[in-house]
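Letter by letter, the chains look like this.
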Amino acid sequence: MDAPATGSLSDPDGERPEAAWRTAPDRFLRTLRARWRTASLASGWRFPSDWGIPEVDAVCAAIVKHGGADGALPALAGLGRARATSGAGLEETLTDLAALHAVLADPAATDGFVAPDVDATPARLLRVTAVAWADVALDQLTRAEVSDPLTGLPTSAYLRTRLAELYRQAERDDERVADDHALVVVTMDFSKAAGWTRLTGMILAADALRVAFDGGESLAVLGPSTVAAVATRDAGVAARAVRLRRELTERLEVDAQLHEVGTPRINVVRLPGDHRAACELLDTLSRN
């Protein structure tokens, strides 16, 4: 009779005494791991080289030690966390778990070719693994930076949030945002440029913006040819805008291919009266 997935672990060569695993635990562990891997790959695990991680061995060792999956719940939680950390999706992680359950439920399938079924996997195994996976995935999500991968600058979504904070403060203090802050906008001219030149031009624009506005101003990329900074509106903003033009010009003169980039436009734009109008302004600038 086949042993259930949560009961005793069967000997791959047939029925065994209850404590037979103690005489050859390494052999049982290797057999279980090999069957599990075969079943997981057959059920759709995408990258074979990524399947074998230390947490897989920990699960196998716990199952062999306790004679079934019930004793491996802490190890399964560790596996769920490890899968999320490595970038495996939840569906793929649970299908891998279903492959393990199918192997345990059908020890007679010595070649590992079984039919994994997530719906047939005990809920407690699914819950432990899925919750552990979700904990890591959500933590990664909350830690993720909202930044543009090309320039490294925050995206316009970040700038909208920052402007919302400024407008709330201005409303509380009965002031206008435009009295204390301005939007410095750099628009690149890529009408005659393409490919590598466009990418390099935006990288250089972002770098020049960081150098000119290095005092804690809110920087962002607004579109494929536009970067901007929300700066304090004081006597120094004009000087920083001049420095920005100088820094960007120097960078664009380094490589002859960058001469295809036309003269960048740098404008100090007055912020509108409310946050909604400010967001509409950002939308307009992003299309330039």
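About the cut-offs
Residues numbered from 1 in each chain as written. Predicted model: local features only at pLDDT ≥ 70, side-chain atom pairs only at ≥ 80, totals over all residues. Heavy atoms only, no water. pLDDT = per-residue confidence, 0-100. Helix = DSSP H or I, 4+ residues; strand = E, 2+ residues; numbered from the N terminus. Contact = heavy atoms within 4.5 Å. Buried < 20%, exposed > 50% of the residue type's maximum accessible area, 1.4 Å probe, protein only. Pairing = 2+ DSSP bridges. Axes fitted to C-alpha atoms, helices over the stretch in contact; angles between N-to-C directions. Left-handed = near helix turned anticlockwise from the far one by under 90°. Nonpolar A, V, L, I, M, F, W, Y, C, P; charged D, E, K, R; others polar. Parallel < 35°, antiparallel > 145°, perpendicular 65-115°, else oblique.

(A) Inspection of the confidence of the model for the chain at higher detail. Here the chain shows a mean pLDDT of 83. Residues at 70 or above account for 86%. For the chain, per-element mean pLDDT is lowest for helix α6 (residues 123–143), which scores 81, and highest for strand β3 (residues 226–232), which scores 94. Predicted confidence for residues 1–21 stays below pLDDT 50, and this span has 47 contacts to residues more than four positions away or in other chains.

(B) Broad picture of the pairing of β3. Buried residues dominate β3, accounting for 6 of its 7 residues. Bridge count between strand β1 (residues 181–189) and β3: 7 bridges; the pairing is antiparallel. Residue pairing for β3: Thr187 is matched across the bridge by Thr226. Across 5 bridges, strand β2 (residues 218–223) lies against β3 in antiparallel orientation. The residue bridging Val221 from the neighbouring strand is Val227, located in β3. Where β2 hands over to β3, the hairpin turn is made up of 2 residues, counted between the paired strands.

(C) Main features of unusual backbone geometry. Of note in the backbone geometry, Asp174 takes a positive phi value of approximately 55° without being a glycine. Of note, Asp174 is situated in the loop between α7 (156–172) and α8 (177–180).

(D) Layout of the packing of helix α9 (residues 196–212) against helix α10 (residues 237–252). Two numbers describe how α9 lies on α10: the axes approach to 9 Å, and their chain directions differ by 145°. As for the relative orientation of α9 and α10, their crossing is right-handed in sense. On α10, the residues touching Leu204, Ala205, Asp207, Ala208, Leu209, Val211 and Ala212 of α9 are Arg240, Arg243, Leu244, Glu247, Leu248, Arg251 and Leu252. Tallied by class, residues from the contact of α9 with α10 come to 9 nonpolar, no polar and 5 charged.

(E) Seen up close, the packing of helix α1 (residues 25–42) against helix α5 (residues 90–105). Relative orientation of the contacting elements α1 and α5 amounts to 125°, with a least axis distance of 8 Å. Judged by the angle between their axes, α1 and α5 are oblique. Once α1 is placed against α5, the crossing between them reads as right-handed. From α1, Leu32, Arg35, Trp36, Ala39 and Ser40 reach across to α5, where they touch Asp96, Ala99, Leu100, Val103 and Leu104. Considering only residue class, the contact of α1 with α5 consists of 7 nonpolar, 1 polar and 2 charged.

(F) Fine view of the sheet that holds β3. Here 4 strands make up an open sheet; going across it, the order is β2-β3-β1-β4 and the pairing antiparallel. On the outer flanks of this sheet lie β2 and β4 (262–270), each paired with one strand and no other. Averaged over all pairs of adjacent strands, the angle between strand axes in this sheet comes to 20°, irrespective of strand direction.

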